[in-house]
Amino acid sequence: MKKLIMSKTLIFLFVFSFINIFIKLFGSSNTLIGVTVVTAMLMFLERDLTIEPIKNTFKLLAINVFLGILSFLAVQNIWIGVVANFTALFVVGYLFTYDLKRPMYIAFGLQYLFMVGSPVSANEFPVRLLSLAFGALCIMIPQFLVNKNKLEKSSKKIFVSTSEDMLTKIKCIKENKNIEEINLKIENSINSLKKMLYDNRKDEFYLNDSAIDILNMGLSLERISLILDNYCDKKTNDNIFKIVNKNKIASLDIIESEIKKLKLYIEKEESIEYDLNLDEIEDINLCELYNVLNNIHDYFDEYKKRKNTKNKKLYTGNLGIPSNFKVSNIQMRGLSKESIRFSYAIKVALAGAIAGFIMDYFNLSEGRWIMFTIFSVIQPYSENCILKSKKRIQGTLVGGTMIFILFSIIKEPSMRGIVIILAGYLGSYTTDYRDSMIFNTMSAIGSAAMIGSVSILFINRILFVLLGIAIGLVVNKFILPYDIKKGYKYLVDMYERVNLEMIEEINLCIKSKHNNYKMKNLLLVPGLIEDRMSLMGINDNEQKHFIKKQKHLTSSIYNLYVNIATNNIKDDYVKEILKESNCISECEEVKDVIIDSIKNTEDIGTKVACKNLLQILNSLNSKEQKITV
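Quantities reported herein were computed from a predicted structural model and do not represent experimental measurements.

1. Some points on the overall build of the chain
Within the chain one finds 24 helices and zero strands. In terms of C-alpha radius of gyration, the chain reaches 28 Å, essentially the compact-globule figure of 25 Å for 629 residues. Across the 629 residues of the chain, 51% fall into the buried class. Long-range pairs, those at least 24 residues apart, make up 80% of the contacts in the chain with a sequence separation of at least 6. Carbon and sulfur atoms form 59% of the exposed surface of the chain, whose accessible area is close to 29600 Å².

Okay, here's the thing in structure tokens:
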């Protein structure tokens with residue numbers, strides 16, 4: 001609790017100080033720009049923008065200046081305002097809403113609405129543009145303090161903590177305890193690494209060699225965790241994967257010992273020696289474990305060499321960006337009524353334009369509250385709009401009543417100012433939208449009441465919030481509705497499509513025509529899909545089963561890809577089967593041969609590759625239905 005209070009207090013003091021400095025530099029007319037700049041500054045810390053700092057700085061500069069110009073035009077004429085408001089909110093809603101990542105539109109959307117609600121004269125406009133340009137630079141400065149080399153610093157911690165979690169998992173398996181909680185912890189750690197790597201791509205595609213090593217190590221650790229699942233799953237699809245109970249504990253003891261060595265190796269970078277004859281291993285899962293461990297050591301050795309030589313080579317060869325990964329094509333694909341980005345952008349832009357027109361037409365002094373309400377309640381998913389509307393009404397009523405009572409008692413302006421500051425500070429502790437609205441309402445009405453009547457402002461606030469909610473709900477219901485069910489189906493289809501694309505890369509890899517960077521990008525996507533699914537709040541058994549099935553398939557594809565790409569398959573007969581197949585699915589015809597190879601081949605690489613191939617074939621030929629909501 002002490003740490004929470006300390007961190008919240010320090011952040012509040014930083015925000016308060018920053019806004020005051022911003023006011024001194026650019027005047028009180030740009031106060032609210034300072035608020036949104038510091039909001040964006042803190043919000044973007046979860047994304048690493050340092051991989052392309054100059055490019056990202058100019059992007060932020062361009063969007064800030066663009067919104068500044070539109071906000072100035074919006075207040076010149078009511079009809080120009082309709083066009084400007086629609087354009088600005090559409091651009092913000094579209095560019096800062098993502099298929100797989102958390103949206104980042106809040107700071108820029110509020111910034112535009114604040115500028116429309118607090119317009120400046122033509123003489124003051126250059127200062128406003130300067131404040132916006134300064135704001136773009138302010139967003140980037142903390143990036144270098146917090147996110148510079150973030151991947152390098154965080155990845156080692158993740159690898160060590162994941163190793164510790166896997167040791168805990170082994171203990172649970174030995175004691176026949178539920179492993180769901182520890183599995184979730186491991187998955188969250190690996191997915192957080194994937195999100196960092198996703199942000200570390202140049203041109204939103206290329207990873208440097210060190211980042212690729214980190215990705216490979218993370219995926220290999222994930223594979224070990226999935227191998228451990230085989231020791232506790234009661235059902236398996238093939239007899240070849242069944243574990244003899246009497247050997248289960250012995251195998252787990254070996255795995256536990258090797259993970260302890262691996263943890264020490266990562267922590268202290270000490271060399272590891274094997275004291276086991278791999279030729280004597282009968283447990284196919286144990287064979288794969290050693291195959292994966294060897295890969296991890298190779299990746300980590302390469303990573304250390306690059307780290308010591310400070311080699312951060314971005315990419316090699318002449319591999320271009322595939323068309324479906326090009327930013328321009330991604331943006332164009334999003335301009336569809338089936339896209340969540342387009343649906344949200346159209347809704348928030350249309351509702352915002354209507355609210356702006358009402359505010360200008362009736363010359364409402366506090367009409368900006370209508371626009372703020374609309375921007376707040378309209379959400380990418382329709383269900384969230386309804387939920388936020390209810391909570392906004394509740395928060396407005398409670399917060400308005402509280403500030404009305406307090407200001408009826410407190411008449412001294414300085415004391416009222418303290419109440420407003422205190423409301424802002426307490427609001428930083430809230431996690432529920434209704435609670436944050438209570439303190440936001442107190443701050444909004446309190447600030448306006450310093451020069452107006454608190455009772456009139458309270459009534460106006462309620463009326464404007466209700467009007468904004470009414471507009472928002474109508475637009476949400478009838479204009480390109482996009483609910484969680486539709487979004488979930490999109491993610492399910494994407495997950496399956498990504499796995500099929502990875503299988504196609506294996507087909508190309510067999511012919512030495514693959515694009516390694518495309519494969520690495522595809523391997524990052526499942527973690528983002530899973531994270532997005534978890535945010536939807538659908539946590540039923542059907543979802544868990546779907547994710548587990550797809551995760552195992554993804555991992556098997558990756559491991560087979562690695563073994564083919566590194567020429568780990570030594571059995572000539574198996575190599576010939578793969579080479580003569582036009583695609584992996586054709587190997588179904590020689591499935592019995594693959595099973596015989598797992599049983600009889602002496603080559604560990606071939607044995608493991610055949611196991612992965614068999615798992616892929618089993619998954620592709622599964623008769624299970626797609627998940628529904």
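On we go.
2. Let's talk about the confidence of the model for the chain
As a general rule, the predicted coordinates of low-pLDDT regions are not to be interpreted in detail. Per-chain confidence: the chain averages 88 in pLDDT, with 92% of residues scoring 70 or above. Ignoring residues within four places in sequence, the model shows residues 236-240, a span with pLDDT below 50, making nine contacts including any to other chains. The low-confidence segment residues 623-629 (pLDDT under 50) makes 14 contacts with residues lying over four places distant or belonging to another chain.

3. Let's talk about unusual backbone geometry
Its identity is not glycine, yet Asp-203 carries a phi of approximately 55°, on the positive side. Mapped onto the fold, Asp-203 is located in the loop between helix 8 (180-199) and helix 9 (209-229). When its relative accessible area of 29% is taken as the criterion, Asp-203 is described as partly exposed. Despite not being glycine, Glu-204 shows a phi value in the positive range, around 55°.

4. Brief notes about the packing of aromatic side chains
Aromatic rings in a pair are described by how distant their centres are and how their planes are angled relative to each other. All chains considered together, the criterion is met by 28 aromatic pairs. Ring centres of Tyr-495 and Phe-546 lie 5.9 Å apart, and the angle between their planes is 90°; on these two criteria the pair is classed as edge-to-face. Residue Tyr-495 is found in helix 19 (residues 484-510), and its partner Phe-546 is found in helix 21 (residues 541-565); the two are separated by 51 residues along the sequence. The class for Tyr-495 is buried, based on a relative accessible area of 0%. Aromatic rings pair up to connect Phe-14, Phe-18, Phe-22, Phe-26 and Phe-134 into one cluster. Above the plane of the ring of Tyr-98 lies Lys-101, whose end atom (NZ or CZ) is 5.0 Å from the centre. The ring of Tyr-433 is capped by Lys-388, whose NZ or CZ atom sits 4.3 Å from the centre of that ring.

5. A look at helix 19
Look at helix 19: 39 Å from first C-alpha to last across 27 residues, which is about the 39 Å you get at 1.5 Å a residue. Downstream of helix 19 by one or two residues, Ser-512 has phi in the positive range, about 60°.

6. So, a nonpolar patch on the surface
Nonpolar side chains collect at one region of the surface, where Met-1, Leu-4 and Ile-5 lie side by side and expose about 310 Å² of accessible area between them. If you trace the backbone, Met-1 turns up in the segment before helix 1 (2-26).

7. Comments concerning the side chain of Thr-601
As for its placement among the helices and strands, Thr-601 is situated in the loop between helix 23 (591-600) and helix 24 (604-620). The contact partners of Thr-601, leaving out residues within four places of it in the chain, are Asp-571, Asp-596, Thr-606 and Lys-607.

8. Some points on the packing of helix 1 against helix 16 (residues 413-427)
Contact geometry for helix 1 and helix 16: axes closest at 10 Å, N-to-C directions at 130°. Classified by the angle their axes make, helix 1 and helix 16 are oblique. In this structure, helix 1 meets helix 16 at a crossing whose hand is right-handed. Residue-level inspection shows Ile-5, Lys-8, Thr-9, Phe-12 and Phe-16 of helix 1 in contact with helix 16, the latter providing Ile-421, Gly-424 and Tyr-425. Across the contact of helix 1 with helix 16, the residue classes tally to five nonpolar, two polar and one charged.

9. So, the packing of helix 8 against helix 20 (residues 516-535)
Where helix 8 contacts helix 20, the two axes come as close as 9 Å, and the packing angle between them is 120°. With respect to each other, helix 8 and helix 20 are oriented oblique. With respect to the hand of their crossing, helix 8 and helix 20 are arranged in left-handed fashion. Contacts between helix 8 and helix 20 pair Asn-191, Lys-194, Lys-195, Leu-197 and Tyr-198 from the former with Leu-523, Leu-524, Gly-527, Leu-528, Glu-530 and Asp-531 from the latter. A breakdown of the residues in the contact of helix 8 with helix 20 according to their chemical character gives five nonpolar, two polar and four charged.

10. Considering the pattern of salt bridges
Two side chains with opposite charge may pair up if their charged atoms get near one another. Applying the stated criterion across every chain yields a total of 30 salt bridges. As a salt-bridge pair, Glu-175 and Lys-177 come within 3.0 Å of each other at their nearest N and O atoms. Given the relative accessible area of 40%, Glu-175 is considered partly exposed. A salt bridge links Lys-518 to Glu-505; its shortest N-O distance comes to 3.8 Å. Taken together, the positions of Lys-518 in helix 20 and Glu-505 in helix 19 put the pair 13 residues apart, joining distant regions of the chain. For the residue pair Lys-518 and Glu-505, the accessibility class agrees, reading buried in each case. Taken together, the shared-partner salt bridges in this structure form one network comprising Asp-209, Asp-213, Glu-302, Lys-305 and Arg-306.

11. Things to note about the environment of His-297
Locating His-297 in the fold gives a position in helix 11 (residues 284-309). On the accessibility criterion, His-297 (11% relative accessible area) is buried. Taking the C-alpha atoms as reference points, His-297 and Ala-122, separated by 175 residues in sequence, lie 64 Å from one another.

12. Quick notes on the environment of Leu-335
In this fold, Leu-335 is placed in the loop between helix 12 (327-333) and helix 13 (340-361). The exposure class of Leu-335 is partly exposed, given its relative accessible area of 42%. Each C-alpha atom, one on Leu-335 and one on Ala-345, is 10.0 Å from the other, the two residues being ten residues apart in sequence.

Reading the values: the criteria
Residues numbered from 1 in each chain as written. Predicted model: local features only at pLDDT ≥ 70, side-chain atom pairs only at ≥ 80, totals over all residues. Heavy atoms only, no water. Helix = DSSP H or I, 4+ residues; strand = E, 2+ residues; numbered from the N terminus. Rg over C-alpha atoms; globule rule 2.2 N^0.38 Å. Buried < 20%, exposed > 50% of the residue type's maximum accessible area, 1.4 Å probe, protein only. Contact = heavy atoms within 4.5 Å. Areas by Shrake-Rupley, 256 points an atom, 1.4 Å probe, with all protein chains shown as cover. pLDDT = per-residue confidence, 0-100. Phe/Tyr/Trp six-rings, centres within 6.5 Å; stacked < 30°, edge-to-face > 60°. Lys NZ or Arg CZ within 6 Å of the ring centre and 35° of its normal. Expected span 1.5 Å × (residues − 1). Patch = residues over 30% accessible without salt bridge, like charges linked within 9 Å, V, L, I, M, F, W, Y side chains within 5 Å. Salt bridge = Lys/Arg side-chain N within 4 Å of Asp/Glu carboxyl O. Axes fitted to C-alpha atoms, helices over the stretch in contact; angles between N-to-C directions. Parallel < 35°, antiparallel > 145°, perpendicular 65-115°, else oblique. Left-handed = near helix turned anticlockwise from the far one by under 90°. Nonpolar A, V, L, I, M, F, W, Y, C, P; charged D, E, K, R; others polar.

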